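Reading the structure
Residues per chain, in single letters:
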Amino acid sequence: MDQENAKRIISFSPPDISELEIAEVAETLRSGWITTGPRTKLLERRLAAYIETGKTDVDCTTKEAIDKYSQKVVCLNSATAAEELNLRILGVKEGDEVIVPAYTYTATASAAIHCGATVKFVDIQKDGDSVTHCPEMDYDALEKAIGPKTKAVIPVDLGGIVCDYDRIFEIVERKKDLFTPIESDGTPLGDLSSRVQKAIGRVAVMADCAHSLGASRDFRGERKYCGAIADFTSFSFHAVKNFTTAEGGASTWLPLPGIDNAEIYKMFQLLSLHGQNKDALAKTKIGAWEYDIIGPWYKCNMTDIMAAIGLRQLDRYLGLLERRAEMMKKYDALCAELGISHMVHHTEHMDSSNHLYLIRVPGIGEIERNLIIEKMAEHGVATNVHYKPLPMMTAYGKDCSEYTNAYDYYHNLITLPFHTLLSDEDVEYVCDMLKEVVKQIV
Ligand SMILES: Cc1ncc(COP(=O)(O)O)c(C=O)c1O
């Protein structure tokens, strides 16, 4: 190994935290307000503006922006909570079915199980989408899986690549006749859920955008950002994501005819804060101590400390996405040279958030794939696998026999380290090591 290729330590996905985030957190700690408060509300508005306009610098402190962007996004403590609350607002419960791709992280399925629903897995397309190679659901299988008990489908924008929502919406519209909305049970949540199901009038599309904040796709002839496509959307701001608040996430939804957005927002607040009808900030107003508990609900709110990180991350986010796009070109060139298949993050109709770089090495099995991962680690390069299909996991029955495309996609898959702390030299090093290791093993 020459001097240039002296061993480097390449982490898989450390958070990119600058002095700006550190200063904002320090200021929040000094401000006297550290739980959900003004910073969380500002981040919600700024995310709403970003999802609508693609711009991260909209001044969301003006009266006009407060009116325009409030109550459209709810910040929470994780994407898992966001997914679960989306399903709870829809009224998903025992006896219902939720369709989930076999190729995803557990949260996509477990959120539905927490609501009491049965998860129906759908296999992915053979070798993924024909253009992007993203392991998207087999949409014919999705259509067949929808039955009278189906309440929601949760497509996953894996690695930041946006699913074919035109196709998904066509399918759920076509199967509309099988859908029966629930009637109100007389409770505030049950009444809202019934109206939400009636307003949607078909299986709901609940996008898992844990990876895809800032990604966009042509949808119904117009370019739309994730969050402005599906009926309900969940985002993750976990430490390994492009955009982080350490832990964290957000929900958003499309306006529903006949239902005030403020009512949906209010229900998210209740569901995420014990069903308590006043949050801590509202209770600080003079004489306003008294509150009611309208349901024995959950505790998954975002704190202002987390939001402080998010506000400064959002200032930097477009630059971070650009840097990812730049690095991606190097990996693309390497894959072309080695004849390795990889996900394609940009097409004429779609721009990914460039979150994960998945490669599939041809002609190898699981044993060789694991050996490549080991050898890369010996050279100091952390890699990963996104994902071992969920049906292979103990909690989901350890049987992938019905999901052969998912297994096939996984068996030779490696996720390369991909983050904005990598220097050009680090990227070169990863490329050199992969070349060397693949030559040895394949
Ligand atoms: C596809 C997918 N969905 C949901 C989640 C859950 O995100 P969180 O950790 O914010 O709950 C993850 C986390 O990695 C994920 O990869």
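Rules used throughout
- Residues numbered from 1 in each chain as written.
- Predicted model: local features only at pLDDT ≥ 70, side-chain atom pairs only at ≥ 80, totals over all residues.
- Heavy atoms only, no water.
- Near = heavy atom within 4 Å.
- Polar contact = N/O pair within 3.5 Å; in protein donor to acceptor, adjacent residues only side chain to side chain.
- Areas by Shrake-Rupley, 256 points an atom, 1.4 Å probe, with all protein chains shown as cover.
- Helix = DSSP H or I, 4+ residues; strand = E, 2+ residues; numbered from the N terminus.
- Nonpolar A, V, L, I, M, F, W, Y, C, P; charged D, E, K, R; others polar.
- Pairing = 2+ DSSP bridges.
- Right-handed = clockwise from strand over helix to strand, strands pointing away.

Attention now goes to the site of the ligand. Every one of the 16 residues lining the ligand counts as a neighbour, but Thr-80, Asp-208, Ser-236, Lys-241 and Tyr-387 are closest to it. Between the ligand and the protein, one listed contact pairs a nitrogen atom with a side-chain N or O atom of Asp-208 at 2.8 Å. One of the side-chain nitrogen or oxygen atoms of Ser-236 is found 2.7 Å away from an oxygen atom of the ligand. When the ligand sits alone it has 390 Å² of accessible area, and the protein chains cover 91% of it. Of all the elements in the fold, those that place two or more residues in the shell around the ligand are helix 4 (79-90) and helix 5 (106-114). Here the element with the most residues in the shell around the ligand is helix 4; it accounts for three residues. Residue composition of the shell around the ligand, grouped by class: six nonpolar, seven polar and three charged.

Glancing now at the pairing of strand 3 (residues 118-122). Taken together, the five bridges between strand 2 (residues 97-101) and strand 3 define a ladder with parallel strand orientation. Opposite Pro-101, over in strand 3, you have Val-122 as the bridge partner. For the crossover from strand 2 across helix 5 to strand 3, the handedness is right-handed.

The sheet built from four strands is open, its strands ordered 7-6-12-11 with antiparallel pairing. Every interior strand has two partners, whereas the edge strands, strand 7 (222-225) and strand 11 (346-347), have only one. The sheet contact formed by strand 11 and strand 12 (residues 350-351) spans two bridges and is antiparallel. Each residue of the ladder has a partner; that of Thr-347, found in strand 12, is Met-350.

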